[in-house]
Amino acid sequence: QVQLVESGGGLVPAGGSLQLSCAASGGTFGGYGVAWFRQAPDNERELVAFLRWSGGNTYVAESVKGRFTIAKDNAKNTVNLEMNKLKPEDTAVYYCAAGRPLWSSIAQQSMYYYWGQGTQVTVSS
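Read on for a plain summary of the structure.

Conventions and cut-offs
Residues numbered from 1 in each chain as written. Predicted model: local features only at pLDDT ≥ 70, side-chain atom pairs only at ≥ 80, totals over all residues. Heavy atoms only, no water. Disulfide = S-S within 2.5 Å. Helix = DSSP H or I, 4+ residues; strand = E, 2+ residues; numbered from the N terminus. Pairing = 2+ DSSP bridges. Axes fitted to C-alpha atoms, helices over the stretch in contact; angles between N-to-C directions.

## Topic: the state of the cysteines
For the structure on display, the rule yields one disulfide. Paired through a disulfide, Cys22 and Cys96 show a sulfur-sulfur distance of 2.1 Å. Across the S-S bond linking Cys22 and Cys96, the dihedral sits near 60 degrees, which makes this disulfide right-handed. One end of the pair, Cys22, is in strand β3 (residues 18–25); the other, Cys96, is in strand β9 (residues 92–99), with 74 residues separating them in the sequence.

As structure tokens, then:
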């Protein structure tokens with residue numbers, strides 16, 4: 001049973017940076033796609049970024065393009081979300097998830113088998 005553990009959230013002023021990390025225990029990310037979703041209060045959970053472990057294909061949502069980067073660390077078996085130029089509207093709980101979605105379905109939460117517990121990111125204005 002794969003378990004996902006997120007780390008790296010916190011409180012940061014607008015314009016600042018954070019790096020979130022998603023680690024897999026009890027397994028590896030090989031063969032999976034790994035996504036970062038976020039959910040702000042009173043909002044739907046939305047896809048922020050996605051990476052296919054084998055091949056390295058990536059996707060970043062338009063709302064964060066140019067500010068956020070998703071990348072894998074083979075040595076540490078983690079998928080990291082580098083977040084720069086943070087805005088107050090980036091405030092949310094960030095979740096990592098792993099599954100095997102088709103590219104056309106990467107935003108569908110039902111396509112993911114495993115989810116982390118979430119990590120809070122708060123950006124102050």
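## Let's talk about the sheet that holds β3
Read across the open sheet, the four strands follow the order β1-β3-β8-β7; overall the sheet is antiparallel. Each having just a single partner strand, β1 (3–7) and β7 (68–73) make up the two edges of the open sheet. Ignoring strand direction, the axes of neighbouring strands in this sheet form an average angle of 20 degrees. Two elements, β7 and strand β8 (residues 78–83), share six bridges in a ladder whose sense is antiparallel. Looking at β8, one finds that Phe68 is bridged to Met83.

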